[in-house]
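Here is what each chain is made of, one letter per residue.
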Amino acid sequence: MARTLPSVDVVFVGMGFTAAIIARELKDSSVKMVGLERGRARNTVPDFQSPSMHDELAFAVRHGLMQDLSQETVTFRNTPDQKALPMRQLGSFLPGTDLGGAGVHWNGQTFRFQPEDFRLRSHHEERYGRDIIAEELTIQDWGLTYEDLEPYYDRFEYLLGVGGYAGNVGGEIRPGGNPFEAKRSRDYPNPPTAPAYLGVLFAKAAMELGYSPYQVPSSNMTRAYTNPEGVRLEPCMVCGYCERFGCEHFAKSSPQTTLLPVVLQQPNFALRTNAHVTRVNLTPDGKHATGVTYIDLATGQETIQPAELVVLSAFAFHNPRLMLLSGIGKSYDPSTGEGNVGRNYAYQTMGSVSLFYDEDVELNQFMGAGALGTVISDYVSDNFDHSKLGFIGGAYICAYTTGARPIEYHPVPPGTPRWGLAWKQAVARYYNHTGGLQVHGQSCARRTNYVDLDPTYKDAFGQPLLRITFDFPENDLRMSHYVTDRAGEIAERMGASQVVVNPRTAPYSVVPYQTTHNTGGAIMGADPKTSACNRYGQSWDVPNVFVTGTALFPQNASYNPTDTVGALAYWTADAIKTRYLSSPAPLVQP
């Protein structure tokens, strides 16, 4: 029999960046909050310390910080007429687990989206006419603007201590920064990273072709920094163990190094780990949440946590799954286009270029940091004329030096034997003489790309798995080919002896790692028929449920999503704090 605990004002489902932000913004209120984290508690000391944190086999290959697929996974298929099968081994994306979530093992690349990203359909129809958007694309506006979010981007970047050189401060375009970025209220809190040698080669070639290279905005600290919450971070050691690893140096911004030290001290907040939430409880009419039910993984006890407000703050696709399991909203049906939960699942469209150098070019690939890169934004979003290209959207082109760890990094030119002595000799020959350009592209929402509950497969607790149906739209494949060709032109000027261009191709596969940028499923918008949440992340159907994270994105932009995730969390927190708590009701009338 389930036990019932005393009621609280706010319950969070998942304790990563977004839950920590909202809990911190409510620190001076009288509300009593509980954060439910299904994973374990963990902190920089002792959990992320070397030498164990530099165990590539444990963390990069065996995914020691990631979701345990033996307990819960997803099923996948490319199209609605296929049978989905369970993803039994992590590959294409890596959902995090335990306290801090994916904010522990991210790289630290901290870009803002551009104004047109938030008005994607309106912007393109206004500039090019409706015919520019392919019929199968279900892209839509967010219901908010860049200008709405700018103050919250600023707050998040100062919380993280982002290092960079702004290209547009107060409307002044500054040489050396990103000339395409939208107006920001002030510069980054810290200076940019020093470019790696590959970045130097890239910047020189890009400038010769008329582009505007700049250093990637980095949440790997470029100097010691104390954030506005009074939490101190230390300079990055450029050890090359960012993505898939925790940082032992307090040098990568994460929930543990920016907010949790102060949130966990708040008298009105309590953390409860090993708490696996199975559903949001609703009143009989389904219009009001009464709290959540979770399983205490330490004891097996089913527990009811009553609450006045529920915040779904788990990893991307876990939020729409919990909405579907709880009966919040209407499940999306691709055959009719109806339903507001599960629609517009999107991903990221990744291409690349490999550069193989002669042996006298030493790239020092053994060092690096997650956001150590030199980039151009000339082909991002609508920064270039699309009128005769046959697609919308774009990608950034970047020369990253993130650390070439020995087990996984063994680049060899095409034609090299795949095993044996010749392969080993080629790996030794090319290890420190190979670089890459990343083409990090937009992902447009498509009518047949969505998530719903799988009718066949269940998790360890007997609940239906989430089913992902996804393939790249033709629009995105054309975009990838076009921008990757531009990256190839830059690579040809970088002095490599061999250049290999790799645009994105279909079908999408969940096997090779590409990116963890899953988006959509509980998207925000202005119409309850085509969005699950309003512009504040508040559920249209159950107004005392709010959603955070990339599940809110109506489609995915060219840039990495974390800066926008943090800005949205501050935006939602402000709405809850200044409007919802004093008058609990829908914040937007449809």
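Every value quoted in this text rests on a predicted model; they were computed, and no experiment measured them. (Residues numbered from 1 in each chain as written. Predicted model: local features only at pLDDT ≥ 70, side-chain atom pairs only at ≥ 80, totals over all residues. Heavy atoms only, no water.)

Peer 1: In this structure, what is going on with the packing of aromatic side chains? I would like to understand it.
Peer 2: Each aromatic ring pair is summarised here by two numbers: the centre-to-centre distance and the angle between the ring planes. Applying the stated criterion to the full structure yields 35 aromatic pairs. With 6.3 Å between their ring centres and 85° between their planes, Phe 17 and Trp 106 make a pair best called edge-to-face. A residue pair is termed long-range when its members are at least 10 positions apart, and Phe 17 in helix 1 (residues 17-25) and Trp 106 in the loop between strand 5 (85-86) and helix 4 (115-118) qualify at 89 residues. In this pair, the class of Phe 17 matches that of Trp 106, namely buried. Each ring, one from Phe 76 and one from Tyr 508, has its centre 5.3 Å from the other, and the planes form 80°; the classification is edge-to-face. Of the two residues, Phe 76 is situated in strand 4 (residues 74-77) and Tyr 508 in the loop between strand 21 (498-502) and strand 22 (545-547); the sequence distance between them amounts to 432 residues. Just as Phe 76 is buried, Tyr 508 falls in that class too. Following the ring pairs from residue to residue traces out a cluster consisting of Phe 76, Phe 93, Phe 315, Phe 317, Tyr 345, Tyr 347, Phe 470, Phe 472 and Tyr 508. In this arrangement the basic side chain of Arg 174 is found over the ring face of Tyr 165, its NZ or CZ atom lying 4.4 Å from the centre. One cation-aromatic arrangement involves Arg 244 over Tyr 513; the distance from NZ or CZ to the ring centre is 4.6 Å. (Phe/Tyr/Trp six-rings, centres within 6.5 Å; stacked < 30°, edge-to-face > 60°. Helix = DSSP H or I, 4+ residues; strand = E, 2+ residues; numbered from the N terminus. Buried < 20%, exposed > 50% of the residue type's maximum accessible area, 1.4 Å probe, protein only. Lys NZ or Arg CZ within 6 Å of the ring centre and 35° of its normal.)

Peer 1: In this structure, what is going on with the sheet that holds strand 5? I would like to understand it.
Peer 2: Strand pairing in a sheet relies on backbone hydrogen bonds, with the paired strands running either antiparallel or parallel. Strands sit in the order 5-4-20-19 across an open sheet of four strands; the sheet is mixed. The two strands at the open ends of the sheet, each matched to only one other strand, are strand 5 and strand 19 (450-458). Here strand 4 runs beside strand 20 (residues 464-469); their pairing, made up of four bridges, is parallel. Its bridge partner being in strand 20, Arg 77 is matched across the sheet by Thr 469. In the packing of helix 10 (residues 318-326) onto the sheet, contacts are made with strand 19 and strand 20, and the angle to strand 19 comes to roughly 65°. (Pairing = 2+ DSSP bridges. Contact = heavy atoms within 4.5 Å. Axes fitted to C-alpha atoms, helices over the stretch in contact; angles between N-to-C directions.)

Peer 1: Help me out: how do you make sense of unusual backbone geometry in this one?
Peer 2: Negative phi values dominate among residues other than glycine, just as trans dominates among peptide bonds. Between Val 45 and Pro 46 the backbone carries a cis peptide bond, its omega angle lying at 15°. Take Pro 46: it is sitting in helix 2 (residues 44-47). Across the junction of Ala 506 and Pro 507, the peptide omega takes the value 0°, indicating a cis bond. The residue Pro 507 is located in the loop between strand 21 and strand 22 in this model. Non-glycine residue Asp 98 carries a positive phi angle of around 75°. Looking at the secondary structure, you find Asp 98 in the loop between strand 5 and helix 4. Phi is positive for Asn 344, which is not a glycine, with a value near 60°. Its place among the elements puts Asn 344 in the loop between helix 10 and strand 15 (349-356).

Peer 1: How should the packing of helix 6 (residues 146-160) against helix 13 (residues 562-580) be read in this particular structure?
Peer 2: Angle between the axes and distance between the axes are the two parameters that describe a pair of packed helices. Two elements in contact, helix 6 and helix 13, have axes whose closest approach is 8 Å; the angle formed by their N-to-C orientations is 110°. The orientation of helix 6 relative to helix 13 falls into the category roughly perpendicular. The interaxial crossing formed by helix 6 with helix 13 has right-handed handedness. Each of Asp 148, Leu 149, Tyr 152, Tyr 153, Arg 155, Phe 156, Glu 157 and Leu 159 in helix 6 lies in contact with helix 13, whose residues at this interface are Thr 562, Asp 563, Thr 564, Gly 566, Ala 567, Leu 568, Tyr 570, Trp 571 and Asp 574. A breakdown of the residues in the contact of helix 6 with helix 13 according to their chemical character gives nine nonpolar, three polar and five charged. (Parallel < 35°, antiparallel > 145°, perpendicular 65-115°, else oblique. Left-handed = near helix turned anticlockwise from the far one by under 90°. Nonpolar A, V, L, I, M, F, W, Y, C, P; charged D, E, K, R; others polar.)

Peer 1: I keep staring at helix 10 and nothing clicks. Help me out?
Peer 2: Along an α-helix, a turn takes 3.6 residues, which lines up residues three or four apart on a common side. Across the nine residues that make up helix 10, a large majority, eight, are buried. For helix 10, the complete set of buried residues consists of His 318, Asn 319, Pro 320, Arg 321, Leu 322, Met 323, Leu 324 and Ser 326. Summarising the contacts, the buried residues of helix 10 are in contact with strand 2 (8-13), strand 12 (275-282), strand 14 (302-312), strand 19, strand 20 and strand 22. Following helix 10 by one or two positions, Gly 327 adopts a phi angle in the positive range, close to 80°.

Peer 1: Just checking my understanding: could you explain the layout of surface pockets for this structure?
Peer 2: Empty space among the atoms becomes visible once a probe the size of a water molecule is rolled across them. Within this model, the second largest pocket holds a volume of roughly 230 Å³. Taken together, Arg 38, Gly 39, Met 66, Gln 67, Asp 68, Gln 71, Glu 72, Thr 97, Asp 98, His 276, Leu 297 and Phe 461 make up the full set of residues lining the second largest pocket. In the lining of the second largest pocket, the residues fall into three nonpolar, five polar and four charged. (1 Å grid on protein atoms, 1.4 Å probe; cavity = no way out; pocket = protein on both sides within 12 Å on 5 of 7 lines; lining within 4 Å. Points joined across faces, edges and corners; volume = space filled by probe spheres on them.)

Peer 1: Can you help me understand the pattern of salt bridges in this one?
Peer 2: Under the counting rule described, the total for this entry stands at 30 salt bridges. Linking Asp 28 and Lys 27 is a salt bridge whose minimum nitrogen-to-oxygen distance equals 3.7 Å. What makes Lys 27 partly exposed here is its relative accessible area of 34%. Here Glu 408 makes a salt bridge to Arg 244, at a shortest N to O gap of 3.2 Å. (Salt bridge = Lys/Arg side-chain N within 4 Å of Asp/Glu carboxyl O.)

Peer 1: Mind showing me how you'd approach the sheet that holds strand 21 here?
Peer 2: Spatial ordering of the open sheet is given by 8-16-17-18-15-21, a layout of six strands whose pairing is antiparallel. The sheet is open, and its two edges are formed by strand 8 (214-215) and strand 21, each paired on a single side. Summarising the sheet, strand 15 and strand 18 (residues 434-441) pair through eight bridges and their orientation is antiparallel. Across the sheet, residue Ser 352 finds its bridge partner in strand 18, namely Gln 438. Against the sheet, helix 12 (residues 474-492) touches strand 15, strand 16 (368-376), strand 17 (395-402), strand 18 and strand 21, its axis set at about 20° to strand 15.

Peer 1: Would you take a moment to explain the nonpolar core for this structure?
Peer 2: The tendency in soluble globular proteins is for nonpolar side chains to be buried side by side. In terms of nonpolar packing, the biggest core is built from 92 residues, with Phe 12, Val 280, Val 310, Leu 312 and Leu 568 touching the most fellow members. When residues in this core are grouped by element, the largest group, ten residues, is from helix 13. In this structure, Leu 568 is in contact with Trp 142, Leu 144, Leu 149, Met 524, Leu 552 and Phe 553, ignoring residues within four places of it in sequence. Counting 28 residues, the second-largest nonpolar core is a separate cluster that includes Ala 205, Val 361, Ile 397 and Val 499. (Core = buried A, V, L, I, M, F, W, Y, C linked by side-chain atoms within 4.5 Å.)

Peer 1: Would you take a moment to explain the state of the cysteines for this structure?
Peer 2: Covalent bonding between the sulfur atoms of two cysteines is what defines a disulfide. The full count for this structure, using the stated rule, is zero disulfides. In this structure Cys 239 is a free cysteine whose sulfur lies 6.2 Å from that of Cys 242, the closest cysteine sulfur available. The exposure class assigned to Cys 239 is partly exposed, which follows from its relative accessible area of 25%. Considering cysteine sulfurs only, Cys 242 is the nearest to Cys 398, which forms no disulfide, with 14 Å between them. For Cys 398, a relative accessible area of 0% puts it in the buried group. (Disulfide = S-S within 2.5 Å.)

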